[in-house]
Amino acid sequence: VKAPLTGVLVALATAGAVQAQDNPYNLIDPDTVSVGSLGDAKPYAFTTMTGEFSGFDVEFLRNVLGRLGFEEDQILFTGQDFAALLPSVSNGRFDIAAAAIGITEQREEVVDFSDGYLAGYLTVLSGEDTITDDPASLAGKRLGVVQGTLQEMYAKKTFTDTDIVQFPDNNTGVAALNNGTTDAHFLDYEAAKSYGERYELELKVNIPSFDAPAGFAVKPGNDALRNALNEALRAAMEDGTWRDLYEKWFPGSPMPKQYLPNNG
Ligand SMILES: NC(=O)CC[C@H](NC[C@@]1(O)OC[C@@H](O)[C@@H](O)[C@@H]1O)C(=O)O
């Protein structure tokens, strides 16, 4: 009687171990990494003419996940409005969210974050000469922000004499800027540069956001994935991959030292 029972127990235990082996990062689907991102935040995260996701954050995450053994065709990117990204990770719609998402204590109540991998500026973009590099020139103006972003929080706290207009994404915000519905749009520096070149708009005010570097968002408590991402992103910084991707996607921009080999 004893032998068969033991045999069954051993089989179950082994099966259990194999199961854990199959999905060491607690992914929704063991063979796929499901990533929430943005389609309109070029050059951080955007979709190309052929619908491919690309950009610094996208390629950096692909490199990091490659170091964990995932092939590119195992990584599935889906675009969502920025405000939906963290709730979607928290409720198990995505394994990861990656889109220049600044790490803040408030957001860490909803998701866990990897270590930071990008620190830069929040930028006011406008085509109006009455808006200058002095934030006071925004008084009485209509300033567009994307819902849920640090720009929204900063503007509401700081630009108190300004009409803050909320948009679901940058595309609708910049369209409103171009059709005169707003006077300026508040977004990330590199995206402002990209939209600025495309629509002849100027970067008026650059506000450092180094206290909220971008991180990869994962489901609260998924330490196996978070720790693996941290180890791999540190390796990508140490071997110069981060630096090469930064130079590819942000040519000419000042480079934060903390992400370079031997910290710069
Ligand atoms: N993709 C978006 O629209 C994100 C907007 C905004 N990004 C801020 C930020 O993470 O952008 C990348 C770096 O410049 C960070 O320092 C910065 O906090 C946010 O996290 O709210």
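Just so it is clear, the structure is predicted and the values come from calculations on it, not from any experiment. Numbering of residues starts from 1 in each chain and follows the order in which that chain's sequence is written. Residue-level local features of this predicted model are given only where pLDDT is at least 70; pairs of side-chain atoms are given and counted only at 80 or more, and the full residue set underlies all totals for whole chains, interfaces and linings. Heavy atoms throughout the structure, all of them, feed into the side-chain values; hydrogens and water do not.

## Quick word on the site of the ligand
- The ligand sits among 19 residues. The nearest are Gly 102, Arg 107, Leu 150, Ser 209 and Ala 212.
- Separating a nitrogen atom of the ligand from a backbone N or O atom of Ala 99 is a distance of 2.9 Å.
- In the analysis that follows, any N or O atom pair within 3.5 Å is treated as a polar contact, provided that within protein one partner can donate a hydrogen and the other can accept it, and provided that, for residues neighboring in sequence, both atoms belong to side chains. Interatomic distance of 2.7 Å between a side-chain N/O atom of Ser 209 and an oxygen atom of the ligand.
- What sets the accessible areas is the Shrake-Rupley method with a 1.4 Å probe; for residues, cover comes only from the shown protein chains. Across the complex, the protein chains shield 98% of the 480 Å² of accessible surface that the ligand would expose by itself.
- The secondary structure listing takes helices from DSSP runs of H or I that are at least 4 residues long and strands from runs of E that are at least 2 residues long, numbered from the N terminus. Elements supplying a minimum of two residues to the shell around the ligand: strand 8 (121-126) and helix 4 (150-158).
- Residue type decides the class: Asp, Glu, Lys and Arg count as charged, Ala, Val, Leu, Ile, Met, Phe, Trp, Tyr, Cys and Pro as nonpolar, and the leftover types, Gly among them, as polar. The residue inventory of the shell around the ligand, partitioned by class, reads 12 nonpolar, five polar and two charged. Only heavy atoms are used to decide nearness, and a residue is near a molecule or strand if one of them lies within 4 Å of it.

## Thoughts on the environment of Pro 43
- As for its placement among the helices and strands, Pro 43 is situated in the loop between strand 2 (40-41) and strand 3 (45-47).
- As for Pro 43 and Leu 76, which are separated by 33 residues in sequence, their C-alpha atoms are 19 Å apart.
- Setting aside its immediate chain neighbours within four residues, Pro 43 contacts Gly 55, Phe 56, Glu 190, Ala 191, Ser 194, Trp 249 and Phe 250. Any two residues having at least one pair of non-hydrogen atoms within 4.5 Å are treated as being in contact.

## What about the pairing of strand 10 (residues 163-167)?
- What makes two strands pair is DSSP finding at least two bridges between them. Sheet topology note: the strand 9 (residues 142-146)/strand 10 ladder contains five bridges and is parallel. Within strand 10, the position partnered with Leu 143 by the bridge is Ile 164.
- Assessed by its sense of winding, the connection that carries the chain from strand 9 through helix 4 to strand 10 is right-handed. The handedness rule is simple: strands pointing away from the viewer, and a clockwise path from the first strand over the helix to the second, make the crossover right-handed.

## Description of the side chain of Asn 222
- Here Asn 222 lies in the loop between strand 13 (217-218) and helix 7 (223-238).
- At a separation of 2.8 Å, a polar atom in the side chain of Asn 222 contacts the side chain of Asn 26.
- Filtering out sequence-adjacent residues up to four positions away, Asn 222 remains in contact with Tyr 25, Asn 26 and Asp 112.

## A few points about helix 8 (residues 241-249)
- Using a 1.4 Å probe on the protein chains alone, a residue whose accessible area is under 20% of its type maximum counts as buried, one over 50% counts as exposed, and one in between counts as partly exposed. Buried residues of helix 8: Thr 241, Trp 242, Leu 245, Tyr 246 and Trp 249, and no others. One side of helix 8 carries all its buried residues, which in axial view fall inside an arc of 135 degrees.
- Residues of helix 8 that are buried sit in contact with strand 3, strand 4 (53-54), helix 2 (56-67) and helix 7. Taking the helix axis as origin, the arc is that swept by the directions to the C-beta atoms.

## With respect to the environment of Val 205
- If you trace the backbone, Val 205 turns up in strand 12 (residues 202-208).
- Take Val 205: its relative accessible area is 6%, and that puts it in the buried class.
- Sequence spacing of Val 205 and Lys 193 is 12 residues, and the spatial spacing of their C-alpha atoms is 12 Å.
- Sequence-distant contacts of Val 205, that is, excluding residues within four places in its chain, are made with Leu 122, Thr 123, Val 124, Thr 132, Asp 133 and Pro 135.

## A word on unusual backbone geometry
- The peptide bond linking Lys 42 to Pro 43 adopts the cis configuration, its omega dihedral lying at 5 degrees.
- Even without being a glycine, Ala 100 presents a positive backbone phi close to 50 degrees.
- Judged by its relative accessible area of 16%, Ala 100 falls in the buried class.

## Let's talk about the sheet that holds strand 8
- Taken in spatial order, the five strands make up an open sheet running 10-9-11-8-12, and their pairing is mixed. Only two strands of the sheet have a single partner each, and these edge strands are strand 10 and strand 12. Taken over all neighbouring pairs, the strand axes of this sheet differ in orientation by 30 degrees on average, direction set aside.
- For strand 8 and strand 11 (residues 184-188), the ladder comprises four bridges, and the chain directions are antiparallel. Here, axes are lines fitted to C-alpha atoms. For helices the fit covers the stretch in contact, and angles between N-to-C directions go from 0 to 180 degrees.

## Brief notes about the nonpolar core
- Formed by 65 residues in total, the largest nonpolar core has its most connected members in Phe 56, Phe 60, Ile 96, Leu 229 and Trp 242.
- It is helix 7 that provides the largest number of residues to this core, a total of seven residues.
- Buried Ala, Val, Leu, Ile, Met, Phe, Trp, Tyr and Cys residues that are joined via side-chain atoms within 4.5 Å together make up what is termed a nonpolar core. In terms of nonpolar packing, the next biggest core, distinct from the first, is built from 14 residues, Val 124, Ile 131, Leu 138 and Ala 212 among them.

## So, the packing of helix 2 against helix 7
- Put simply, helix 2 and helix 7 touch, their axes get as near as 9 Å, and they point 110 degrees apart. Here helix 2 is positioned roughly perpendicular relative to helix 7, judged by the angle of their axes. As for the relative orientation of helix 2 and helix 7, their crossing is right-handed in sense. Note on element contacts: helix 7 touches helix 2 through Leu 229, Ala 232, Leu 233, Ala 235, Ala 236 and Met 237, opposite Phe 60, Leu 61, Asn 63, Val 64, Leu 65 and Arg 67.
- Here the contact of helix 2 with helix 7 is built from residues that sort into 10 nonpolar, one polar and one charged. Should an angle fall under 35 degrees it is taken as roughly parallel, and over 145 as roughly antiparallel, whereas 65 to 115 is taken as roughly perpendicular and any remaining angle as oblique. Crossing handedness follows the turn of the near helix against the far one: under a right angle anticlockwise gives a left-handed crossing, and clockwise gives a right-handed one.

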